[in-house]
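Structural overview for review
Spelled out, the chains give:
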Amino acid sequence: MKEYVVAIAGATGAVGREMLKILEERNFPVKELRLFASPKSEGLELEFKGEKIKVRTLKKGVFKGCDIALFSCGGSRSLEFAPDAANDGCVVIDNSSAWRMDPDVPLVVPEVNPHRVGDYKKKGIIANPNCSTIQMVVPLKPLHDYGKIKHIFVATYQSTSGAGQKAMEELLNQTTAKLNFRGETVTVNFDGIEFEELKAGVFAHQIAFNCLPHIDVFTENFYTKEEMKMVNETRKIMEDPNISVSPTTVRVPVFIGHSEVVTITTEIKITREKAIELLSNFPGVKVLDDPKNNVYPMPIVAAGRDECFVGRIREDVGIENGLSMWIVADNLRKGAALNAVQIAEILIRDYL
């Protein structure tokens, strides 16, 4: 089997470490692995297949000789370094939002639109979608193919790992402080309503024992950027600009695993039984739906696993041709690292 020189940009972050782990788990044919991160991580050693590899500073020119680079280093660094890597003949699979809506960059979920991987030739870059979008479109693909989805209503319950390692630490520290009656508090005034909360750093407000209907910044239409990502990315991945998407994204005090309640309307009615049949036979989906025995997807079920788990499947009582479901996935794996490695597998199988 041919082997490849693979790089990870942002190797020391939560997603970068997951990429490292998944490359080893899936026995990706790595000839040489190069790890890059910010200058403060220079010299740090990470293990891959029993070998310790030193992390180097991400800068221009480091991708010469690389075949594939997995990027998870943020949008600004991706905008700066991805074109440089592509110019050096390296195919970039980028996990940030920097390139997702570029018309010359394919936005790929392997179970949904693998045929788009070949479009990397336009710029040498493939975009990895947003974590909440990925886990939604995988189960929706077979339903769309069967009944043609017209509208998607989605509310997400997203874990702190989606905001990075520091966000997870903030949840841990605030939870510990709250349970031990410690921690610095601040007084907040909401239009005459005063309350105390633990001082926040990563998030706008205390995340421990709380829910924040606020992921990313708010836009002029009062949706957040995270919500608009779900709208625009879903249409691009599903290759249907007519799909209507109504999202609300919420950060919850969970470490790993995003959850979503999704209701769709379709041109052709899909019964619960038909939905279960379609989902059970689709790659990357695992149905957990046995209400009598309290069997349904949860973050603690999905953590560390590759599938998008679907349950609570039911024909909606309030909307004609409506179908509702509950979707959970490990956002660090299928929502980011695994999806990128799966793209790389298609790349070496069909194109490189």
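Residues numbered from 1 in each chain as written. Predicted model: local features only at pLDDT ≥ 70, side-chain atom pairs only at ≥ 80, totals over all residues. Heavy atoms only, no water.

Among the surface-exposed residues, Y296, M298 and I300 lie close enough to one another that they form a single nonpolar patch of about 300 Å² accessible area. Among the structural elements, I300 can be located in helix α7 (residues 299–302). Judged by its relative accessible area of 71%, I300 falls in the exposed class. (Patch = residues over 30% accessible without salt bridge, like charges linked within 9 Å, V, L, I, M, F, W, Y side chains within 5 Å. Areas by Shrake-Rupley, 256 points an atom, 1.4 Å probe, with all protein chains shown as cover. Salt bridge = Lys/Arg side-chain N within 4 Å of Asp/Glu carboxyl O. Helix = DSSP H or I, 4+ residues; strand = E, 2+ residues; numbered from the N terminus. Buried < 20%, exposed > 50% of the residue type's maximum accessible area, 1.4 Å probe, protein only.)

A complete count under the given rule lists 20 salt bridges for this structure. Shared partners join several salt bridges into a network, and the residues in it are E18, K21, E25, D306 and R333.

What follows covers the environment of V254. With respect to the secondary-structure elements, V254 resides in the loop between β11 (244–251) and β12 (258–266). Residue classification places V254 among the partly exposed residues on the basis of a relative accessible area of 26%. Once the C-alpha coordinates of V254 and T160 are considered, the two residues, 94 residues apart in sequence, prove to be 6.1 Å apart.

The subject of this paragraph is the sheet that holds strand β14 (residues 308–315). Ordered by their spatial adjacency, six strands build an open sheet running β11-β8-β12-β15-β14-β13, and the pairing between neighbours is mixed. At either end of the open sheet lies a strand with only one pairing partner, and these are β11 and β13 (285–287). Strand-to-strand twist across the sheet, computed as the mean angle between neighbouring axes with direction ignored, equals 20 degrees. With three bridges connecting them, β13 and β14 associate as parallel partners. Bridge assignment links V285 to a residue of β14, and that residue is C308. (Pairing = 2+ DSSP bridges. Axes fitted to C-alpha atoms, helices over the stretch in contact; angles between N-to-C directions.)

With that settled, consider the sheet that holds strand β3 (residues 45–48). Taken in spatial order, the seven strands make up an open sheet running β3-β4-β2-β1-β5-β6-β7, and their pairing is mixed. The strands lining the two open edges of the sheet, one partner per strand, are β3 and β7 (125–127). In this sheet, neighbouring strand axes are inclined to one another by 25 degrees on average, regardless of whether the strands run parallel or antiparallel. Direction of pairing for β3 relative to strand β4 (residues 51–57): antiparallel, over a ladder of four bridges. By the bridge assignment for β4, E45 is matched with K54.

Moving on to the packing of aromatic side chains. Inspection of every chain in the model, using the stated rule, returns five aromatic pairs. Judged by centre distance (6.1 Å) and plane angle (75 degrees), the ring pair of Y120 and Y351 falls under edge-to-face. Of this pair, Y120 sits in the loop between β6 (91–94) and β7 while Y351 sits in the segment after α8 (333–350), and the two are 231 residues apart along the sequence. For Y120, a relative accessible area of 11% translates into the label buried. With a centroid separation of 5.0 Å and an interplanar angle of 80 degrees, the aromatic rings of F190 and F195 are classed as edge-to-face. Assessed through its relative accessible area of 29%, F195 is described here as partly exposed. Three or more aromatic residues link up through ring pairs in this structure, and these residues are F36, F63 and F71. (Phe/Tyr/Trp six-rings, centres within 6.5 Å; stacked < 30°, edge-to-face > 60°.)

Moving on, we get to the nonpolar core. Inside soluble globular proteins, nonpolar side chains tend to come together where they are buried. F63, L140, L143, I152 and M325 are the most contacted members of the largest nonpolar core, which has 54 residues in total. With six residues, the single largest contributor to this core is helix α3 (residues 131–147). The contact partners of L143, leaving out residues within four places of it in the chain, are K148, I264, I270, A275, L278, L279, L323 and M325. Among the nonpolar cores identified, the runner-up in size contains 38 residues, and L20, L23, L46 and I343 belong to it. (Core = buried A, V, L, I, M, F, W, Y, C linked by side-chain atoms within 4.5 Å. Contact = heavy atoms within 4.5 Å.)

Mapped onto the secondary structure, T263 falls in strand β12. The buried category is assigned to T263, whose relative accessible area is 12%. Among the polar contacts made by the side chain of T263, one reaches the side chain of S324 at a distance of 2.7 Å. T263 has contacts with H151, I152, F153, D316, I319, L323 and S324, leaving out every residue within four places of it along the chain. (Polar contact = N/O pair within 3.5 Å; in protein donor to acceptor, adjacent residues only side chain to side chain.)

The next subject is helix α5 (residues 225–238). The end-to-end C-alpha distance of α5, which contains 14 residues, comes to 20 Å, matching closely the 20 Å that a straight helix rising 1.5 Å per residue would cover. Turning to α5, its buried residues are E226, E227, K229, M230, V231, E233, T234, I237 and M238. Elements in contact with the buried residues of α5: α3, β8 (149–158), β11 and β12. Positioned one or two residues after α5, E239 has a phi angle of 55 degrees, which is positive. (Expected span 1.5 Å × (residues − 1).)

None of the figures reported here should be taken as evidence of function without further support.
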